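Chain by chain, the residues run as shown.
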Amino acid sequence: MDMNKQMEEAEASILHTYNRFPVVFDRGEGCYLYDTEGMKYLDFAAGIAVNSLGYHYPGYDEALKAQIDKLTHISNLYYNLPMSEAGEKLIKASGMCKAFFTNSGTEAIEGALKAARKYAFAKSGKADRYEIIAMNHSFHGRSMGALSVTGTAHYREPFEPLIGGVKFADFNDLDSVKALVTDKTCAIITEVVQGEGGIYPADSEFLKGLRALCDEKDIVLIFDEVQCGMGRTGSYFAWQSYGVQPDVMACAKALGCGVPVGAFVLNEKVAGASLAPGDHGTTYGGNPLVCAAVSKVFDIYEQDHILEHVKEVAPYLEAKLDEFVEKYDCVAARRGKGLMQGLVITGRPVGEIVKKALEEGLLVISAGSDVLRLVPPLVIRKSQIDEMADILGDCLEG
Ligand SMILES: *Cc1c(COP(=O)(O)O)cnc(C)c1O
């Protein structure tokens, strides 16, 4: 069967909620993917910043297979060893206090919002502090709660009324946040590097200002590290490079490097006075299979010095992309941190470049309306960055 036929078959049964690119992927190897007709692609999308170890990283598959042979699901009514191992490693990497494993980034956000509301409730015994300040151009997920704090009106509007009490400030504008704070504010939520919105790293002053504001007013500071976390910017979590710790953090995407897992992580203050037995749950969350993956991911990051590798190759990628800004009129700027980079495209639809790159065997994605996003596996090598630059250069040319 050829690929067109395979796509037709998919459309016959799968709800059309994505305008998918015309390719059917079959397998991956290292930083490359192969479609069902055998064509090879260099992967600078990593399944949207998920496959940080690329495909078939030594030891990863084996760890999952070994866990499948033991136990994959048991529910949260009982303990399992991979969950405690994964939890311990996540706590150690973040320096925070307690973790709750979820099945996605969206669910991690849901849990973080509930923890913040419950913390405010527990403090006063009343549900009078429920307001949440979120950022314009943010993205936190598609469920009713996560959508409520997502700062793009056209995502939200068809589904309103969403949860009440959410206000939007401007990212990197501390005064715009302060102007929205009231006695009812229980939480402020922001990405540390905005991803879907167009790859905008936070300013250090902004994050420090949020921390001080939240400390002063006993507001829960939530950082969404779903996309920028797990080493993507060169530290386990992007906030670590700013020295600004949140009260609650949401992570997912690369946490399991390919299995559906997320987590929200609480500091001691919120862990000790928010969600209690009966307040929150999940049937699959923290199951032995995904937690074996998380645990192995942390081991690999440590043993193979993945964060150091990111710090070494990221400046090389930045330099290549800066050359594009110099060389091509359609590239207005580069923004990003570590291996989370965006090129601002002008005068041409970014989708056209993404499509052309795909035809030439390079996977890149867009972010926002005009940004070309590059989020390769963290194990990408300099030679592969050169290979990307050759292909992408041709695509930007004409
Ligand atoms: C992808 C993403 C989410 C949603 O995660 P899912 O796993 O798709 O539910 C939330 N926040 C950010 C910043 C993301 O990039």
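Residues numbered from 1 in each chain as written. Predicted model: local features only at pLDDT ≥ 70, side-chain atom pairs only at ≥ 80, totals over all residues. Heavy atoms only, no water.

### Topic: the domain arrangement of the protein chain
Step number 1: Here the protein chain is partitioned into domain 1 (3-57 + 305-397) and domain 2 (71-303).
Step number 2: Between the C-alpha centres of domain 1 and domain 2 the distance comes to 26 Å.
Step number 3: The interface of domain 1 with domain 2 comprises 29 residues on the first partner and 29 residues on the second.
Step number 4: Between domain 1 and domain 2, roughly 2400 Å² of surface is buried when both sides are summed, and carbon and sulfur atoms account for 64% of that area.
Step number 5: Together, Leu 307, Lys 337 and Met 340 form the three largest contributors to the area buried by domain 1 at its contact with domain 2, with a combined 29%.
Step number 6: Linking domain 1 with domain 2 are 1 salt bridge, by the criterion used here.
Step number 7: For Arg 373, the salt bridge goes to Glu 196, with nearest N and O atoms at 2.9 Å.
Step number 8: The interface formed by domain 1 and domain 2 includes 13 residue pairs in polar contact (both at pLDDT 80 or more).
Step number 9: When residues of the side of domain 1 that touches domain 2 are traced back to their parent elements, those giving at least two are helix 2 (46-49), helix 12 (306-327), strand 13 (331-337), strand 14 (340-345) and strand 17 (371-374).
Step number 10: Among the elements that line the side of domain 1 that touches domain 2, the one with the most residues is helix 12, at 4 residues.
Step number 11: Tallied by class, residues from the side of domain 1 that touches domain 2 come to 17 nonpolar, 8 polar and 4 charged. (Domains from an automatic or database assignment. Contact = heavy atoms within 4.5 Å. Buried area = accessible area lost by both parts, 1.4 Å probe. Salt bridge = Lys/Arg side-chain N within 4 Å of Asp/Glu carboxyl O. Polar contact = N/O pair within 3.5 Å; in protein donor to acceptor, adjacent residues only side chain to side chain. Helix = DSSP H or I, 4+ residues; strand = E, 2+ residues; numbered from the N terminus. Nonpolar A, V, L, I, M, F, W, Y, C, P; charged D, E, K, R; others polar.)

### With respect to a negative patch on the surface
Step number 1: A cluster of acidic residues, Glu 360, Glu 387, Asp 390, Asp 394 and Glu 397, forms a negative patch at the surface.
Step number 2: Within the element layout of this structure, Glu 387 appears in helix 14 (residues 382-397). (Patch = residues over 30% accessible without salt bridge, like charges linked within 9 Å, V, L, I, M, F, W, Y side chains within 5 Å. Areas by Shrake-Rupley, 256 points an atom, 1.4 Å probe, with all protein chains shown as cover. Lys, Arg positive; Asp, Glu negative; His and termini not counted. Charge placed at Lys NZ, Arg CZ, Asp CG, Glu CD.)

### Some remarks on the nonpolar core
Step number 1: Counting 108 residues, the largest nonpolar core has Phe 44, Ile 188, Leu 255, Tyr 301, Leu 372, Met 388 and Leu 392 as the members making the most contacts within it.
Step number 2: Mapped onto the domain boundaries, this core takes at least three residues apiece from domain 1 (3-57 + 305-397) and domain 2 (71-303).
Step number 3: Sequence-distant contacts of Leu 392, that is, excluding residues within four places in its chain, are made with Phe 324, Leu 343, Ile 353, Leu 362, Leu 372 and Leu 374.
Step number 4: Core analysis: the second largest hydrophobic core is formed by 25 residues, Ile 109, Ile 132, Val 149 and Cys 186 among them. (Core = buried A, V, L, I, M, F, W, Y, C linked by side-chain atoms within 4.5 Å. Buried < 20%, exposed > 50% of the residue type's maximum accessible area, 1.4 Å probe, protein only.)

### With respect to unusual backbone geometry
Step number 1: In the segment running from Glu 160 into Pro 161, the intervening peptide bond is cis, with an omega of 0°.
Step number 2: Inspection of the secondary structure assignment puts Pro 161 in the loop between helix 7 (153-156) and strand 6 (166-169).
Step number 3: Although it is not a glycine, Ala 46 sits at a positive phi angle of roughly 55°.
Step number 4: Mapped onto the elements of the fold, Ala 46 is located in helix 2.
Step number 5: Judged by relative accessible area, Ala 46 falls into the buried class, the value being 0%.
Step number 6: Positive phi is not limited to glycine here, since Asn 172 has a value of about 65°.
Step number 7: Tracing the chain through its elements places Asn 172 in the loop between strand 6 and helix 8 (174-178).

### A word on the site of the ligand
Step number 1: The immediate surroundings of the ligand are formed by Ser 104, Gly 105, Thr 106, Phe 139, His 140, Glu 191, Asp 224, Val 226, Gln 227 and Lys 253.
Step number 2: A distance of 2.4 Å separates an oxygen atom of the ligand from a polar atom in the side chain of Thr 106.
Step number 3: Within the side chain of Gln 227, an N or O atom sits 2.8 Å from an oxygen atom of the ligand.
Step number 4: Computed on the free molecule, the ligand has an accessible area of 380 Å², of which 81% lies beneath the protein chains in the complex.
Step number 5: A breakdown of the residues in the shell around the ligand according to their chemical character gives 2 nonpolar, 5 polar and 3 charged. (Near = heavy atom within 4 Å.)

### Comments concerning the pattern of salt bridges
Step number 1: This structure, assessed with the given rule, holds 15 salt bridges.
Step number 2: A salt bridge links Lys 382 to Glu 312, with the shortest nitrogen-to-oxygen separation between them at 3.5 Å. Within this pair, whereas Lys 382 is found in helix 14, its partner Glu 312 is found in helix 12, the two being separated by 70 residues in sequence.
Step number 3: Taken together, the shared-partner salt bridges in this structure form one network comprising Lys 123, Arg 211, Asp 215, Asp 218, Asp 247 and Lys 269.

### Concerning the sheet that holds strand 11 (residues 248-251)
Step number 1: If you walk across this open sheet you meet the 7 strands as 4-12-11-10-7-5-6, and the pairing is mixed. Bordering the open sheet on either side are strand 4 (98-102) and strand 6, each of which pairs with just one other strand. Sheet twist, expressed as the mean angle between neighbouring strand axes with direction ignored, is 20°.
Step number 2: Judged from the 5 bridges that link them, strand 4 and strand 12 (residues 262-266) form a sheet pairing that is antiparallel. Paired with Phe 100 across the strands is Phe 264, a residue of strand 12.
Step number 3: Seen against the sheet, helix 4 (residues 81-94) touches strand 4, strand 11 and strand 12 and runs at an angle of roughly 125° to strand 4.
Step number 4: Packing against the sheet, helix 9 (residues 204-217) makes contact with strand 5 (131-135), strand 7 (185-191) and strand 10 (220-224), and its axis sits at approximately 165° to strand 7. (Pairing = 2+ DSSP bridges. Axes fitted to C-alpha atoms, helices over the stretch in contact; angles between N-to-C directions.)

### What to know about the sheet that holds strand 3 (residues 40-43)
Step number 1: Strand order in the open sheet formed by 4 strands is 1-2-3-15, and the pairing between neighbours is mixed. Each of the sheet's edge strands pairs with one partner strand only, and the pair in question is strand 1 (25-29) and strand 15 (362-363).
Step number 2: When strand 2 (residues 32-35) meets strand 3, the two strands line up antiparallel, connected through 3 bridges. Bridged to Leu 33 within strand 3 is Tyr 41.

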